[in-house]
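Next come the chains, spelled out residue by residue.
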Amino acid sequence: MAARKARRLLDGGALVTVIAPQICDDMAALSPVTLLPREYAPGDVTGFRLVITATGITSVDGAVFDDAEAAGVWVNSADDIAHCSFIMPSVHQDGPVTVAISTGGTSPALASWLRRRVGADLGPGLGQLAALLGEARTRLRDAGVSTEHVDWSGLLDGPLPALVRQGRIEEARALLADVVRQHIPG
(Lines give C-alpha, C1' and ligand atoms only; values in the text may rest on other atoms or scores of the structure.)
Protein backbone atom coordinates (compact mmCIF):
# COMPACT_ATOMS: atom_id res chain seq x y z
CA MET A 1 0.00 0.00 0.00
CA ALA A 2 2.78 2.46 0.88
CA ALA A 3 4.55 1.93 -2.45
CA ARG A 4 1.28 2.53 -4.32
CA LYS A 5 0.73 5.81 -2.45
CA ALA A 6 4.33 6.85 -3.10
CA ARG A 7 3.90 6.10 -6.83
CA ARG A 8 0.78 8.33 -6.95
CA LEU A 9 2.72 11.14 -5.28
CA LEU A 10 5.62 10.73 -7.72
CA ASP A 11 3.16 10.74 -10.62
CA GLY A 12 1.87 14.07 -9.29
CA GLY A 13 5.38 15.56 -9.27
CA ALA A 14 6.07 15.25 -5.54
CA LEU A 15 9.50 14.78 -4.02
CA VAL A 16 9.14 11.64 -1.90
CA THR A 17 11.12 10.68 1.18
CA VAL A 18 10.46 7.34 2.86
CA ILE A 19 11.36 6.68 6.49
CA ALA A 20 10.91 3.02 7.43
CA PRO A 21 12.95 0.42 9.26
CA GLN A 22 12.30 -2.01 6.42
CA ILE A 23 11.95 -0.88 2.81
CA CYS A 24 9.98 -3.29 0.64
CA ASP A 25 11.21 -4.14 -2.86
CA ASP A 26 8.33 -2.25 -4.51
CA MET A 27 9.30 0.91 -2.63
CA ALA A 28 13.03 0.46 -3.29
CA ALA A 29 12.29 0.19 -7.01
CA LEU A 30 10.62 3.61 -7.13
CA SER A 31 12.62 6.49 -8.50
CA PRO A 32 13.40 9.16 -7.57
CA VAL A 33 12.73 8.45 -3.90
CA THR A 34 14.92 9.29 -0.92
CA LEU A 35 15.04 6.20 1.31
CA LEU A 36 15.89 6.51 5.00
CA PRO A 37 15.95 2.95 6.39
CA ARG A 38 15.33 3.64 10.08
CA GLU A 39 12.61 4.11 12.69
CA TYR A 40 10.59 7.31 12.76
CA ALA A 41 12.07 9.91 15.12
CA PRO A 42 10.19 12.83 16.71
CA GLY A 43 10.51 15.90 14.53
CA ASP A 44 11.05 13.97 11.26
CA VAL A 45 7.98 15.71 9.79
CA THR A 46 9.64 19.13 10.01
CA GLY A 47 10.35 20.58 6.59
CA PHE A 48 7.75 18.52 4.76
CA ARG A 49 4.44 19.82 3.42
CA LEU A 50 2.64 16.50 3.44
CA VAL A 51 3.17 13.27 5.38
CA ILE A 52 1.65 9.86 4.82
CA THR A 53 1.92 7.05 7.35
CA ALA A 54 1.23 3.47 6.38
CA THR A 55 2.73 1.56 9.29
CA GLY A 56 -0.43 -0.03 10.58
CA ILE A 57 0.95 0.56 14.07
CA THR A 58 -1.41 2.92 15.87
CA SER A 59 1.23 4.24 18.29
CA VAL A 60 3.61 5.13 15.42
CA ASP A 61 0.86 6.62 13.26
CA GLY A 62 -0.37 8.59 16.28
CA ALA A 63 3.12 9.95 17.04
CA VAL A 64 3.59 11.01 13.41
CA PHE A 65 0.13 12.60 13.41
CA ASP A 66 0.84 14.52 16.64
CA ASP A 67 4.19 15.76 15.31
CA ALA A 68 2.66 16.76 11.99
CA GLU A 69 -0.23 18.59 13.60
CA ALA A 70 2.18 20.49 15.87
CA ALA A 71 4.35 21.41 12.86
CA GLY A 72 1.38 22.49 10.71
CA VAL A 73 1.99 19.64 8.25
CA TRP A 74 -0.91 17.76 6.67
CA VAL A 75 -0.90 14.04 7.44
CA ASN A 76 -2.77 11.02 6.13
CA SER A 77 -2.61 7.75 8.02
CA ALA A 78 -3.54 4.84 5.81
CA ASP A 79 -6.57 3.03 7.23
CA ASP A 80 -6.55 5.20 10.39
CA ILE A 81 -9.03 8.07 9.92
CA ALA A 82 -8.48 9.29 13.49
CA HIS A 83 -4.91 10.21 12.55
CA CYS A 84 -5.68 12.06 9.33
CA SER A 85 -5.85 15.77 8.68
CA PHE A 86 -6.88 14.96 5.09
CA ILE A 87 -8.10 11.95 3.14
CA MET A 88 -6.91 10.70 -0.22
CA PRO A 89 -9.53 9.82 -2.82
CA SER A 90 -9.30 6.79 -5.06
CA VAL A 91 -8.27 8.10 -8.47
CA HIS A 92 -8.84 6.93 -12.05
CA GLN A 93 -6.62 8.78 -14.50
CA ASP A 94 -6.34 8.69 -18.28
CA GLY A 95 -4.12 11.45 -19.65
CA PRO A 96 -5.40 14.82 -18.46
CA VAL A 97 -8.68 13.31 -17.22
CA THR A 98 -8.84 12.57 -13.50
CA VAL A 99 -11.87 11.13 -11.72
CA ALA A 100 -11.56 11.05 -7.92
CA ILE A 101 -13.89 9.06 -5.67
CA SER A 102 -14.05 9.36 -1.92
CA THR A 103 -16.11 7.90 0.88
CA GLY A 104 -14.81 10.46 3.36
CA GLY A 105 -12.46 7.85 4.76
CA THR A 106 -15.25 5.51 5.85
CA SER A 107 -14.51 2.78 3.30
CA PRO A 108 -11.38 2.92 1.14
CA ALA A 109 -12.38 -0.49 -0.27
CA LEU A 110 -15.68 0.94 -1.55
CA ALA A 111 -13.88 3.95 -3.07
CA SER A 112 -11.44 1.61 -4.86
CA TRP A 113 -14.27 -0.59 -6.08
CA LEU A 114 -16.18 2.44 -7.39
CA ARG A 115 -13.01 3.76 -9.09
CA ARG A 116 -12.52 0.44 -10.88
CA ARG A 117 -16.19 0.37 -11.95
CA VAL A 118 -16.15 3.97 -13.15
CA GLY A 119 -12.92 3.39 -15.06
CA ALA A 120 -14.30 0.24 -16.69
CA ASP A 121 -17.62 1.89 -17.53
CA LEU A 122 -15.96 4.95 -19.04
CA GLY A 123 -13.55 2.77 -20.98
CA PRO A 124 -10.23 3.63 -22.54
CA GLY A 125 -9.48 6.78 -24.45
CA LEU A 126 -10.66 9.49 -22.07
CA GLY A 127 -7.31 11.23 -22.33
CA GLN A 128 -7.45 11.11 -26.14
CA LEU A 129 -11.06 12.36 -26.06
CA ALA A 130 -10.02 15.29 -23.83
CA ALA A 131 -7.16 16.12 -26.19
CA LEU A 132 -9.46 16.14 -29.23
CA LEU A 133 -12.02 18.33 -27.46
CA GLY A 134 -9.20 20.63 -26.36
CA GLU A 135 -8.00 20.95 -29.96
CA ALA A 136 -11.51 21.88 -31.11
CA ARG A 137 -11.87 24.48 -28.34
CA THR A 138 -8.49 25.97 -29.23
CA ARG A 139 -9.48 26.28 -32.91
CA LEU A 140 -12.69 28.06 -31.92
CA ARG A 141 -10.91 30.43 -29.52
CA ASP A 142 -8.19 31.13 -32.09
CA ALA A 143 -10.95 32.13 -34.51
CA GLY A 144 -12.37 34.49 -31.89
CA VAL A 145 -15.45 32.34 -31.31
CA SER A 146 -16.86 31.56 -27.87
CA THR A 147 -16.83 27.87 -27.01
CA GLU A 148 -19.97 28.29 -24.92
CA HIS A 149 -22.27 28.04 -27.94
CA VAL A 150 -21.19 24.52 -28.87
CA ASP A 151 -23.41 21.66 -27.69
CA TRP A 152 -20.56 19.78 -26.01
CA SER A 153 -23.01 17.59 -24.09
CA GLY A 154 -24.69 16.59 -27.32
CA LEU A 155 -21.33 15.66 -28.80
CA LEU A 156 -20.42 13.62 -25.74
CA ASP A 157 -23.85 11.92 -25.71
CA GLY A 158 -23.43 11.16 -29.42
CA PRO A 159 -20.97 8.97 -31.31
CA LEU A 160 -17.80 10.90 -30.38
CA PRO A 161 -16.76 8.90 -27.28
CA ALA A 162 -17.41 5.57 -29.03
CA LEU A 163 -15.29 6.64 -32.00
CA VAL A 164 -12.40 7.41 -29.67
CA ARG A 165 -12.85 4.17 -27.67
CA GLN A 166 -12.78 2.21 -30.93
CA GLY A 167 -9.58 3.94 -32.01
CA ARG A 168 -11.29 5.75 -34.87
CA ILE A 169 -9.48 8.98 -34.03
CA GLU A 170 -9.52 10.50 -37.51
CA GLU A 171 -13.30 10.07 -37.70
CA ALA A 172 -13.65 11.68 -34.27
CA ARG A 173 -11.37 14.52 -35.36
CA ALA A 174 -13.44 15.00 -38.56
CA LEU A 175 -16.67 15.12 -36.53
CA LEU A 176 -15.18 17.84 -34.32
CA ALA A 177 -13.82 19.71 -37.34
CA ASP A 178 -17.37 19.84 -38.76
CA VAL A 179 -18.66 21.27 -35.47
CA VAL A 180 -15.89 23.87 -35.45
CA ARG A 181 -16.65 24.89 -39.07
CA GLN A 182 -20.35 25.30 -38.20
CA HIS A 183 -19.46 27.82 -35.48
CA ILE A 184 -16.87 29.88 -37.32
CA PRO A 185 -18.47 32.65 -39.40
CA GLY A 186 -17.87 33.04 -43.08
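Anything mentioned here points back to the structure above.
Residues numbered from 1 in each chain as written. Predicted model: local features only at pLDDT ≥ 70, side-chain atom pairs only at ≥ 80, totals over all residues. Heavy atoms only, no water.

Peer 1: Please explain the environment of L30 as it appears in this structure.
Peer 2: Position of L30 among the secondary structure elements: in the loop between α2 (25–28) and β2 (33–36). The exposure class assigned to L30 is buried, which follows from its relative accessible area of 13%. In this structure the C-alpha to C-alpha distance between L30 and L10, which are 20 residues apart in sequence, comes to 8.7 Å. (Helix = DSSP H or I, 4+ residues; strand = E, 2+ residues; numbered from the N terminus. Buried < 20%, exposed > 50% of the residue type's maximum accessible area, 1.4 Å probe, protein only.)

Peer 1: Looking at this structure, I do not really get the side chain of K5. What am I missing?
Peer 2: Inspection of the secondary structure puts K5 in helix α1 (residues 2–11). Nearest to the buried, unbridged K5 among oppositely charged side chains is D79, at 9.0 Å. If we ignore the near neighbours within four places in the chain, the residues touching K5 are I52, N76, A78 and M88. (Lys, Arg positive; Asp, Glu negative; His and termini not counted. Salt bridge = Lys/Arg side-chain N within 4 Å of Asp/Glu carboxyl O. Contact = heavy atoms within 4.5 Å.)

Peer 1: Can you help me understand the layout of surface pockets in this one?
Peer 2: One way to see where empty space is left: roll a probe the size of a water molecule over the atoms. Considering only enclosed or pocket space, the largest pocket measures out at about 1,000 Å³ in volume. Surrounding the largest pocket, 36 residues form its lining, T17, V18, I19, I52 and T53 being those nearest its centre. Of all the secondary structure elements, the ones that give two or more residues to the lining of the largest pocket are α1, β1 (16–19), α2, β3 (50–53) and α3 (58–71). For the lining of the largest pocket, the leading source of residues is α1, giving five residues. A breakdown of the residues in the lining of the largest pocket according to their chemical character gives 25 nonpolar, five polar and six charged. When its volume is computed, the second largest pocket comes out at roughly 750 Å³. In terms of lining, the second largest pocket is formed by 30 residues, of which the most central are R4, K5, M88, P89 and S90. (1 Å grid on protein atoms, 1.4 Å probe; cavity = no way out; pocket = protein on both sides within 12 Å on 5 of 7 lines; lining within 4 Å. Points joined across faces, edges and corners; volume = space filled by probe spheres on them. Nonpolar A, V, L, I, M, F, W, Y, C, P; charged D, E, K, R; others polar.)

Peer 1: For this particular structure, what's the right way to read the pairing of β3?
Peer 2: Regular strands place side chains that alternate from one sheet face to the opposite one. Because side chains alternate across β3, one face comprises the buried residues V51 and T53, and the other comprises L50 and I52, none of which is buried. Two strands pair when backbone bridges link them, and β3 and strand β4 (residues 74–77) are joined in this way by four bridges, in the parallel orientation. Along β4, the bridge assignment pairs V51 with V75. You can see the chain leave β3, run along α3 and come back into β4, and the turn it takes is right-handed. (Pairing = 2+ DSSP bridges. Right-handed = clockwise from strand over helix to strand, strands pointing away.)

Peer 1: Is there a simple way to explain the pattern of salt bridges in this structure?
Peer 2: Side chains carrying opposite charge are able to pair once their charged atoms draw close together. Evaluated as defined, the whole model comprises six salt bridges. For D44, the salt bridge is made with R38, and the minimal N-O distance between the two is 2.8 Å. On the basis of relative accessible area, D44 is assigned to the buried category, the value being 15%. Note that R181 is salt-bridged to D178, the shortest N-O span being 2.3 Å. Highlighted residues: R181 and D178, both in helix α8 (residues 169–183), separated by three residues, approximately one helical turn. When its relative accessible area of 53% is taken as the criterion, R181 is described as exposed.

Peer 1: Can you walk me through α3 in this structure?
Peer 2: Three or four residues apart is the spacing at which side chains of an α-helix point the same way, because the helix has 3.6 residues per turn. Compared with the 20 Å implied by 1.5 Å per residue over 14 residues, the 20 Å span of α3 between its first and last C-alpha is a close match. All of the buried residues along α3 are D61, G62, V64, F65 and A68. In a view along the axis of α3, the buried residues occupy a sector of 165 degrees, so they form one face of it. Opposite the buried face of α3, by more than 90 degrees, sit the exposed residues S59, D66 and A70. Buried-residue contacts for α3 involve β3 and β4. Looking one or two residues beyond α3, the residue adopting positive phi is G72, at roughly 75 degrees. (Expected span 1.5 Å × (residues − 1). Arc of directions from axis to C-beta.)

Keep in mind these values describe shape, not function.
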